[in-house]
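Examining the three-dimensional arrangement
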Amino acid sequence: MSEITNDMRKALTFIRDYRITSSEWRKNGKPASGHPDTWNQFRMSGPEASLTISAETQKATRPFVVVGPVDGSMYVLNDKGKAALKEASDAST
């Protein structure tokens, strides 16, 4: 299996641990406007927490995520995402 970066691990862990009820593209910390090629951040949030990641990290995590709603969340890990987090956890111990 491919190795995931620390930023990807942070994003996948957030998706695993929190119910995400909204998401939005951002540009330099503000809600995105203008052409999508200029959007450089992606924010996921829910009742308990939020996380903003880079556009590159969001694109890299797509193969590991199912877009919902699933179990009340907009995003959940697929089997590949669960395996990647487990592998990353096993490698760090």
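Here goes a summary of the coordinates provided. (Residues numbered from 1 in each chain as written. Predicted model: local features only at pLDDT ≥ 70, side-chain atom pairs only at ≥ 80, totals over all residues. Heavy atoms only, no water.)

1. Topic: the side chain of T61
Here T61 lies in helix α2 (residues 55-61). Leaving out residues up to four positions away in the same chain, T61 has contacts with M8, A11 and L12. (Helix = DSSP H or I, 4+ residues; strand = E, 2+ residues; numbered from the N terminus. Contact = heavy atoms within 4.5 Å.)

2. Things to note about the packing of aromatic side chains
Under the criterion given, the structure shown has four aromatic pairs. Each member of the aromatic cluster is reached from another via a ring pair, and the members are W25, W39, F42 and Y75. (Phe/Tyr/Trp six-rings, centres within 6.5 Å; stacked < 30°, edge-to-face > 60°.)

3. Brief notes about the pattern of salt bridges
It is possible for side chains bearing opposite charge to pair when their charged atoms get close. The full count for this structure, using the stated rule, is three salt bridges. A salt bridge links R26 to E24, with the shortest nitrogen-to-oxygen separation between them at 2.4 Å. In this structure, D90 and K86 form a salt bridge, with 2.9 Å as the shortest nitrogen-oxygen distance. Here the residue D90 and the residue K86 both occupy positions in helix α3 (residues 79-92), the gap between them amounting to four residues, near one helical turn. (Salt bridge = Lys/Arg side-chain N within 4 Å of Asp/Glu carboxyl O.)

4. Digging into the packing of helix α1 (residues 6-17) against α3
Helices that pack against each other are described as a pair by the angle of their axes relative to one another and the distance between those axes. At a minimum axis distance of 10 Å, the contact between α1 and α3 shows a crossing angle of 120 degrees. Taken together, the axes of α1 and α3 are oblique relative to one another. Taken as a pair, α1 and α3 cross one another with a handedness that is left-handed. Residue-level inspection shows R9, L12, T13 and R16 of α1 in contact with α3, the latter providing L85, A88 and S92. Among the residues forming the contact of α1 with α3, the class breakdown is three nonpolar, two polar and two charged. (Axes fitted to C-alpha atoms, helices over the stretch in contact; angles between N-to-C directions. Parallel < 35°, antiparallel > 145°, perpendicular 65-115°, else oblique. Left-handed = near helix turned anticlockwise from the far one by under 90°. Nonpolar A, V, L, I, M, F, W, Y, C, P; charged D, E, K, R; others polar.)

5. Structural notes on the pairing of strand β4 (residues 50-54)
Looking down a regular strand, the side chains alternate between one sheet face and the other. Judged from the five bridges that link them, strand β3 (residues 41-45) and β4 form a sheet pairing that is antiparallel. Bridge pairing in β4 places R43 opposite T52. (Pairing = 2+ DSSP bridges.)

6. Comments concerning unusual backbone geometry
Residue G68 is joined to P69 through a cis peptide bond whose omega torsion reads 15 degrees. One non-glycine residue, N28, lies in positive phi territory at about 55 degrees. In this structure, N28 sits in the loop between β1 (22-27) and β2 (30-31). A relative accessible area of 59% places N28 in the exposed class. (Buried < 20%, exposed > 50% of the residue type's maximum accessible area, 1.4 Å probe, protein only.)

7. A closer look at the nonpolar core
I4, L12, I15, M44, F64, V65 and Y75 are the most contacted members of the largest nonpolar core, which has 18 residues in total. Here this core takes five residues from α1, the largest share from any one element. Apart from the residues lying within four places of it in its own chain, the contact partners of V65 are L12, I15, Y75, V76, L77 and N78. (Core = buried A, V, L, I, M, F, W, Y, C linked by side-chain atoms within 4.5 Å.)

Everything listed here is a matter of geometry and, on its own, says nothing about what the molecule does.
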